[in-house]
Amino acid sequence: MATERGLFSGVRRTKAIGSLFTIAFLIFFSSFLAFSSLFIGRGLLTASSTETNLYSVLADKDESSTDSSGQNDYATVATGTFVGGELYYHLKAAESFFLFFGDFKSTGVASYAKQETSKAKQDEYNEDHSSFLEKTSKLPRRQLRGKRRENHTVDLVKQDYEVAVKPENEPIQRSKSVDSAVLGKYSLWRKQNENENSDSNVRTIQDQMIMARVYISLAITKNKLDLAHELQNRLRDSQRSLGEATTDSHLHRSAPEMMKAMDLTLSKARERLYSCKVVTEKLRAMLQSADEQVRTLKKQSTFLSQLAAKTIPNGLHCLSMRLTIDYYLLPPKNRKFPRSENLENPKLYHYASFSDNVLAASVVVNSTIMNAKDPAKHVFHLVTDKLNFGAMNMWFLLNPPGKATIHVENVDEFKWLNSSYCPVLRQLESAAMKEYYFKAAEGSSNLKYRNPKYLSMLNHLRFYLPQVYPKLDKILFLDDDIVVQKDLTGLWAVNLNGKVNGAVETCGESFHRFDKYLNFSNPHIAQNFDPNACGWAYGMNIFDLKVWKKKDITGIYHKWQNMNEDRVLWKLGTLPPGLMTFYGLTHPLQKSWHVLGLGYNPSVNQSEIQSAAVIHYNGNMKPWLELAMTTYRAYWTKYINYGHPYIRNCKLSE
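Residues numbered from 1 in each chain as written. Predicted model: local features only at pLDDT ≥ 70, side-chain atom pairs only at ≥ 80, totals over all residues. Heavy atoms only, no water.

(A) The pairing of strand 7 (residues 540-544), seen in detail. Burial of strand 7 is extensive: five of the five residues sit out of reach of the surface. Residue alternation in strand 7 divides its side chains into two sets, Met540, Ile542 and Asp544 and Asn541 and Phe543, and both sets are buried. Here five bridges tie strand 4 (residues 474-478) to strand 7, and the two strands are oriented antiparallel to one another. Looking across to strand 7, one finds that Phe477 is bridged to Asn541. Two strands pair when backbone bridges link them, and strand 6 (residues 501-503) and strand 7 are joined in this way by two bridges, in the antiparallel orientation. If you follow Gly502 over to strand 7, its bridge partner there is Ile542. (Buried < 20%, exposed > 50% of the residue type's maximum accessible area, 1.4 Å probe, protein only. Helix = DSSP H or I, 4+ residues; strand = E, 2+ residues; numbered from the N terminus. Pairing = 2+ DSSP bridges.)

(B) Spatial organisation of the packing of helix 7 (residues 200-221) against helix 10 (residues 276-309). Where helix 7 contacts helix 10, the two axes come as close as 10 Å, and the packing angle between them is 115°. The crossing of helix 7 and helix 10 is right-handed. Judged by residue contacts, Ile210, Arg213, Val214, Tyr215, Ser217 and Leu218 of helix 7 engage Val278, Val279, Lys282, Leu283 and Met286 from helix 10. Of the residues contributing to the contact of helix 7 with helix 10, the split by class is eight nonpolar, one polar and two charged. (Axes fitted to C-alpha atoms, helices over the stretch in contact; angles between N-to-C directions. Left-handed = near helix turned anticlockwise from the far one by under 90°. Contact = heavy atoms within 4.5 Å. Nonpolar A, V, L, I, M, F, W, Y, C, P; charged D, E, K, R; others polar.)

(C) Local environment of helix 7. For helix 7, spanning 22 residues, the distance from its first C-alpha to its last is 32 Å, which sits close to the expected 32 Å at 1.5 Å a residue. Phi turns positive one or two residues past the end of helix 7, at Asn223, with a value near 60°. (Expected span 1.5 Å × (residues − 1).)

(D) Representation of a positive patch on the surface. Together, Arg141, Arg142, Arg145, Arg148 and Arg149 give the surface a local cluster of positive charge. Note that Arg141 resides in helix 5 (residues 109-164). Judged by its relative accessible area of 48%, Arg141 falls in the partly exposed class. (Patch = residues over 30% accessible without salt bridge, like charges linked within 9 Å, V, L, I, M, F, W, Y side chains within 5 Å. Areas by Shrake-Rupley, 256 points an atom, 1.4 Å probe, with all protein chains shown as cover. Salt bridge = Lys/Arg side-chain N within 4 Å of Asp/Glu carboxyl O. Lys, Arg positive; Asp, Glu negative; His and termini not counted. Charge placed at Lys NZ, Arg CZ, Asp CG, Glu CD.)

(E) The arrangement of the nonpolar core in detail. Judged by nonpolar contacts, the single largest core of 62 residues is most densely connected at Leu476, Leu488 and Trp636. The element contributing the most residues to this core is helix 12 (residues 358-370), with eight residues. Leu488 has contacts with Tyr351, Leu476, Trp593, Ala613 and Val614, leaving out every residue within four places of it along the chain. Of all hydrophobic cores here, the second largest spans 47 residues; its members include Ala352, Leu461, Tyr538 and Leu569. (Core = buried A, V, L, I, M, F, W, Y, C linked by side-chain atoms within 4.5 Å.)

(F) A look at the sheet that holds strand 1 (residues 349-354). Read across the open sheet, the seven strands follow the order 3-2-1-4-7-6-8; overall the sheet is mixed. Each of the sheet's edge strands pairs with one partner strand only, and the pair in question is strand 3 (405-410) and strand 8 (586-588). Averaged over all neighbouring strand pairs, the angle between strand axes comes to 25°, with direction disregarded. Together, strand 1, strand 2 (378-384), strand 3 and strand 4 form the strand contacts of helix 12, whose direction differs from that of strand 2 by roughly 175°.

(G) Layout of the sheet that holds strand 5 (residues 482-484). What the three strands build is an open sheet, ordered 5-10-9; its pairing is mixed. Of all strands in the sheet, those with a lone pairing partner are strand 5 and strand 9 (594-595), marking the two edges. Of the strand pairs in this sheet, strand 5 and strand 10 (residues 614-616) are connected by three bridges, and their pairing is antiparallel. Its bridge partner lying in strand 10, Ile482 is registered against His616.

Shown next, in the form of structure tokens:
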């Protein structure tokens with residue numbers, strides 16, 4: 001009985017519990033429906049706010065993710081709440097309620113509801129999460145593209161401003177900087193008007209004269225004769241006012257009024273005649289005409305400089321004539337120089353100089369002796385032509401070089417020097433050479449070669465030194481356009497290393513090399529010489545006459561001179577054949593021994609001139625000519641006694 005009672009009571013208890021559970025379920029379900037309807041409506045209203053907070057919630061989830069399962073569950077619940085709305089939250093609450101009242105296995109409704117709800121939640125979460133990730137991944141790129149579009153728009157606007165606005169502003173800014181005081185001038189495009197200086201009025205007058213000539217031409221073509229006549233009058237006034245002035249201080253006092261009057265006339269002409277195209281054409285024509293005049297004047301200047309270089313100044317001609325007359329008035333016994341025994345002594349210092357210029361030869365001798373440590377050991381061998389032989393002898397008889405020895409010879413008395421032996425002498429006497437030298441000048445291409453020195457054997461005698469001085473071992477050759485500033489005896493101690501010629505090289509990086517002097521299109525030149533070989537200078541050369549004879553230098557010179565009968569290897573002169581004859585046989589000396597360029601180069605370094613042993617006036621501007629450069633002339637004139645009676649009577653001055 002007890003057992004049955006117990007069973008019956010258990011059944012009754014179970015039924016009671018089941019009825020209670022049913023009642024509770026119905027109550028909960030009705031409550032759930034009410035709350036669901038409420039929260040579903042609320043979820044629809046808050047959907048937009050939920051979507052807005054989604055990114056921040058997920059960020060909080062990532063930041064708060066740890067190894068703790070409790071924190072992860074909380075993040076899952078929070079995420080589910082926002083992703084699935086309020087539905088998932090209440091399903092979770094229902095699940096907790098069923099677990100609280102009893103065994104959840106006794107009902108399949110809760111389990112089924114849980115499974116379906118979880119599946120729906122997971123699908124919705126995955127879908128929303130993937131959509132969110134897609135949106136978040138595209139967001140930075142969208143922002144970047146937006147910034148790029150903004151920057152591109154700004155750049156385009158800036159470019160449009162620079163293209164359209166900036167050019168418009170620049171003339172305005174320039175116009176503000178223009179001084180109103182110079183607006184009446186016609187040379188505003190010239191740089192020098194940016195700074196007012198002492199010559200501004202001179203330049204303004206010159207510019208006004210240019211514009212006046214332009215408007216005169218335009219006025220005549222347009223039959224505005226009254227205006228043309230007025231402009232011509234103003235132009236003449238400006239020319240008189242300007243004169244030869246180069247600075248404002250040299251202008252006439254009436255220049256300011258002339259400028260104002262010309263300014264008014266030009267303004268009138270501009271109003272009546274101005275045309276940009278026509279004025280431009282006139283100015284271009286004037287420029288071309290001026291350019292042609294410049295070229296013509298350059299040719300004339302070249303011709304005149306060559307002419308001046310080969311002419312003899314009146315004073316030098318006077319000196320030579322007076323000395324010649326007085327020499328031949330001397331008794332023969334008084335025409336001899338002392339110490340003739342030194343002429344062939346190889347132990348002394350021997351110099352050779354070939355010249356037809358008495359004054360130049362005197363400077364060479366005087367400057368050498370005045371700077372020599374022991375003048376008694378120096379011997380000078382001078383060779384001149386028959387025209388100047390008497391003058392040269394007479395000068396040094398009247399003005400002996402102290403204790404030094406001097407001897408003067410006449411080149412025309414060298415009987416061995418004839419056309420059968422000397423090729424250049426034969427060529428100089430030929431009709432072809434005379435025609436080349438004396439034919440009418442066509443331009444200035446060959447003017448430099450039309451100098452008497454190229455026809456004189458004095459210029460070619462340097463290739464015959466062993467024949468002229470057969471008993472000497474060494475000799476120093478000096479041109480007549482040099483000045484000696486230091487003792488030169490050190491040159492005899494220079495070791496030439498078996499070479500014949502000791503000379504200073506003149507080549508720079510690209511000039512004064514063999515290709516400047518020789519015709520390398522000729523196979524004889526191209527096969528035997530290097531076009532980049534360095535040139536050297538005549539004017540001060542130490543020659544070893546022993547090696548000269550051994551190498552037969554004169555024979556080499558004759559070979560090349562015979563091949564140049566028609567001037568196909570080089571033109572005229574002695575340097576090109578010298579470069580060929582002494583090719584490979586020249587020893588370079590230190591540059592301080594010989595400084596060149598004082599006859600053509602106005603920018604020779606003064607310190608180099610001061611430290612040089614010999615300075616050379618090579619070029620057309622010889623120191624005895626009026627066209628000499630005054631900067632260098634004093635180095636030459638200090639060795640001339642301008643108080644000497646002959647020099648004073650011939651009116652030679654510094």
